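# Coordinate analysis (summary)
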Amino acid sequence: MRIRHLLAGSMLAATGAYWLLMSPYSQLLGRFPYRVGATRKLVALTFDDGPNEPFTSQIVDFLNERGIKATFFQVGRCVERYPGLTAKMAADGHVIGVHGYSHEFHNCLTRRSIRAEMAKSRAVL
């Protein structure tokens, strides 16, 4: 019985920690906009980790044919491989967001390493 209580308590703690760190409603790690005041229903399309060809071009062509704009969070080293595509996407009216330079995940990111990643990505963009 005690093991069940420990397990249940652990699961509850893990769920709470997940919510605090990952939920858009949690502002623990800083302000995160998760709602927008609008008079009509809106959907925001976002894409991560590109550009990766030929898939990114296919997505962009599909969206452009329908007059749909999206936000593409791009990885700096991928942009270096396809700079013309990123430039075209921006010219077409899509929003380009920075998704780091290397997209490497580390257990402990320091402010210095985050700044370096972002600065390198901004320089590429």
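Definitions and cut-offs
Residues numbered from 1 in each chain as written. Predicted model: local features only at pLDDT ≥ 70, side-chain atom pairs only at ≥ 80, totals over all residues. Heavy atoms only, no water. Pairing = 2+ DSSP bridges. Helix = DSSP H or I, 4+ residues; strand = E, 2+ residues; numbered from the N terminus. Axes fitted to C-alpha atoms, helices over the stretch in contact; angles between N-to-C directions. Salt bridge = Lys/Arg side-chain N within 4 Å of Asp/Glu carboxyl O. Buried < 20%, exposed > 50% of the residue type's maximum accessible area, 1.4 Å probe, protein only. Phe/Tyr/Trp six-rings, centres within 6.5 Å; stacked < 30°, edge-to-face > 60°. Lys NZ or Arg CZ within 6 Å of the ring centre and 35° of its normal. Core = buried A, V, L, I, M, F, W, Y, C linked by side-chain atoms within 4.5 Å. Contact = heavy atoms within 4.5 Å. pLDDT = per-residue confidence, 0-100.

## Re the sheet that holds strand β1 (residues 46-50)
Spatial ordering of the open sheet is given by β1-β2-β3, a layout of three strands whose pairing is parallel. For this open sheet the edge positions go to β1 and β3 (95-98), each flanked by a neighbour on one side alone. Sheet twist, expressed as the average angle between the axes of neighbouring strands with direction ignored, equals 25°. Looking at chain direction, β1 and strand β2 (residues 71-74) are connected through four bridges and run parallel. Across the sheet, T46 pairs through a bridge with T71, a residue of β2.

## Things to note about the pattern of salt bridges
Evaluated as defined, the whole model comprises two salt bridges. Between R66 and E65 there is a salt bridge, with the nearest N and O atoms lying 3.4 Å from each other. Taking relative accessible area as the criterion, R66 reaches 46% and is therefore assigned partly exposed. Linking D92 and K88 is a salt bridge whose minimum nitrogen-to-oxygen distance equals 2.6 Å.

## As for unusual backbone geometry
In this model, E53 is joined to P54 through a cis peptide bond whose omega is 10°. In this structure, P54 sits in the loop between β1 and α2 (55-65).

## What about the packing of aromatic side chains?
Counted according to the given criterion, the structure contains one aromatic pair. The ring of Y101 carries K120 above its face, with NZ or CZ at 4.3 Å from the centroid.

## With respect to the nonpolar core
Counting six residues, the largest nonpolar core consists of V60, L63, A70, F72, L85 and M89. When contributions to this core are tallied by element, the ones reaching two or more residues are α2 and α4 (83-91). Residues contacting M89, with those up to four places away along its chain left out, are T56, V60, F72, Q74, H94 and I96.

## Some points on the side chain of S102
Looking at the element boundaries, S102 is found in the loop between β3 and α5 (111-124). In contact with S102, other than residues within four places in its own chain, are V75, R77 and E117.

## Re the confidence of the model for the protein
Of all residues in the protein, 94% attain a pLDDT of 70 or more, and the chain-wide mean is 86. By mean pLDDT, the top-scoring element of the protein is α2 (96), and the lowest-scoring one is helix α1 (residues 2-22) (80).

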